[in-house]
Amino acid sequence: MTRKKGMISLIVPAYNEEENLPVLVHRVRAVMKPYGNFEILIVDDGSSDQTRYVLRQLSQEYEEVRFISFSRNFGHQMALRAGYDHARGDAVICLDADLQHPPELIPTLIDKWREGYDVVYTVRQEDPRLAWHKRLTSKYFYRLLRRVSNLHLEDGAADFRLLDRKVVDTLKQFKENDLFLRGAISWVGFRQCRILYEPAARYAGHSKYSLSKMLKLAAMGITSFSTRPLYLSVLLGFIMSLFATLFGLEVVYEKYFTDATVSGWTSLVLLSVLIGGVQFIMIGIIGVYLGKTFVEVKQRPAYIIGDTDEIEETVTTWENPANEFYSPLT
Ligand code: UDP
Ligand code: MG
């Protein structure tokens, strides 16, 4: 079933990756040569090193290289979004600038697309070279996410993936600022296919994903695809009420049917402290969602482009995903 063909876009988020980009462009060009029609769109996420100048040079040197440069650091997810918004290809592949996502795997992704899949996502095999906190946070993050949301993201699901044009156009319709792409892509459905890969070591420089950036991503993933934490507060409320009722019954019984002296001070203090705590938890959870509502109603642009090589408006047609065969992830 060779039904898909056309231009391939490669989008690369880059934050302070001046040393990696020339190598990346070289390797991607080598891999993409047989495909002819392709573009490499690099999104500079407000780098403070020479990335922007490297990009301008690369785009002058190779006609298939385009770039977008953010006015400041908006984060990896926003860089990917900008890439999806401005890619022109019929299939869009994103990969990291640090060469951890081996460009040599691209032909496999394209083959799967040509077989008819709309989403070809990759799952990285456990890498013992990875820092322990990365492995641990990644593992527990996916486990927690599966438990609290309806998403079936696998351990190690990466942002290295191919999307068909119609999936990209669907993503562009998501208006929320805080878009958790991995979740959104799993959520939109279409025909999805998974590929295992072995991550390479970072070519140059150090990881730009600090622990705090990862925690932020995890919190965003959980709160943007699940309202279950809200139900947790309701459940806690119920448990507390049950506890209070039983306690109340006991107090009434003691008062009317026994001669026990009033020893209420300890229990009173305990109870009020406990209820206070639970209330704080509930208010906190409501606050998180209220905060999200507050951010979303403002409808700010998700990112701002400071510099680019001439981006032309592209006209894309919208195909209704409901007409497509949907195979849910298992
Ligand atoms: N990145 C980005 N903005 C950021 C952090 C990272 O665009 O704020 C890019 C980075 O340049 C790289 C990719 O996202 O191409 C993955 O980041 P990194 O390799 O630092 O993360 P790790 O692989 O260590 O998780
Ligand atoms: Mg990396």
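For the structure itself, consult the block above.
## Some words on the nonpolar core
Here is step 1: Counting 41 residues, the largest nonpolar core has Ile11, Phe70, Tyr84, Leu145, Leu163, Leu171 and Phe180 as the members making the most contacts within it.
Here is step 2: Leave out the neighbours within four places in its chain, and Leu171 touches Tyr84, Leu163, Leu181, Ala184 and Ile185.
Here is step 3: If you look at the next biggest cluster of nonpolar residues, it comprises 36 residues, including Val28, Leu109, Val120 and Leu162.

## Digging into empty space enclosed by the protein
Here is step 1: Inspection of the entire model under this criterion finds one cavity of 30 Å³ or more.
Here is step 2: In this structure, the largest cavity encloses a volume near 100 Å³.
Here is step 3: Lining of the largest cavity is provided by twelve residues; of these, Tyr121, Leu153, Ala157, Arg182 and Ser186 occupy positions nearest its centre.
Here is step 4: The set of elements that each furnish at least two residues to the lining of the largest cavity consists of β6 (157–164) and α7 (181–188).
Here is step 5: A breakdown of the residues in the lining of the largest cavity according to their chemical character gives six nonpolar, three polar and three charged.

## Comments concerning the site of ligand 1
Here is step 1: Lining the immediate environment of ligand 1, one finds 18 residues, of which Glu17, Asp45, Asp98, Ser207 and Lys208 sit closest.
Here is step 2: Arg202 places a side-chain nitrogen or oxygen 3.0 Å from an oxygen atom of ligand 1.
Here is step 3: Within the side chain of Ser207, a nitrogen or oxygen atom sits 2.5 Å from an oxygen atom of ligand 1.
Here is step 4: In isolation ligand 1 offers 520 Å² of accessible surface; the protein chains occlude 92% of this area.

Conventions adopted
- All chains use their own residue numbering, which begins from 1 and follows the written sequence.
- Whichever chain is written first is A, and whichever ligand is written first is 1; the rest continue in order.
- Owing to the predicted nature of the model, reporting of local features is limited to residues with pLDDT of at least 70; listing and counting of side-chain atom pairs is limited to 80 or more, with chain, interface and lining totals taken over all residues.
- The side-chain numbers reported here are obtained from all heavy atoms of the structure, hydrogens and water having been left aside.
- For this analysis, a nonpolar core means a set of buried residues of the types Ala, Val, Leu, Ile, Met, Phe, Trp, Tyr and Cys, connected via side-chain atoms within 4.5 Å.
- A simple rule labels every residue: compare its accessible area, found with a 1.4 Å probe on the protein chains alone, to the largest value its type can have, and call it buried under 20%, exposed over 50%, or partly exposed in between.
- The contact criterion used throughout is that any non-hydrogen atoms of two residues lie within 4.5 Å.
- We place a 1 Å grid over just the protein atoms. Points where a 1.4 Å probe fits but has no way out form a cavity, open points with protein on both sides within 12 Å along at least 5 of 7 lines form a pocket, and any residue with an atom within 4 Å of a point lines it.
- Grid points are joined across faces, edges and corners, and a volume is the space filled by probe spheres set on the points.
- The secondary structure listing takes helices from DSSP runs of H or I that are at least 4 residues long and strands from runs of E that are at least 2 residues long, numbered from the N terminus.
- Asp, Glu, Lys and Arg are counted as charged, while Ala, Val, Leu, Ile, Met, Phe, Trp, Tyr, Cys and Pro are counted as nonpolar; the rest, among them Gly, fall into the polar class.
- Proximity is defined per residue: any heavy atom of the residue falling within 4 Å of a molecule or strand makes that residue near it.
- Definition of a polar contact: a pair of N or O atoms within 3.5 Å, with one able to donate and the other able to accept a hydrogen when the atoms are protein atoms, and with sequence-neighbouring residues admitted only if both atoms are side-chain atoms.
- Note on areas: these come from Shrake-Rupley sampling with a 1.4 Å probe, and a residue is covered only by the protein chains present in the view.

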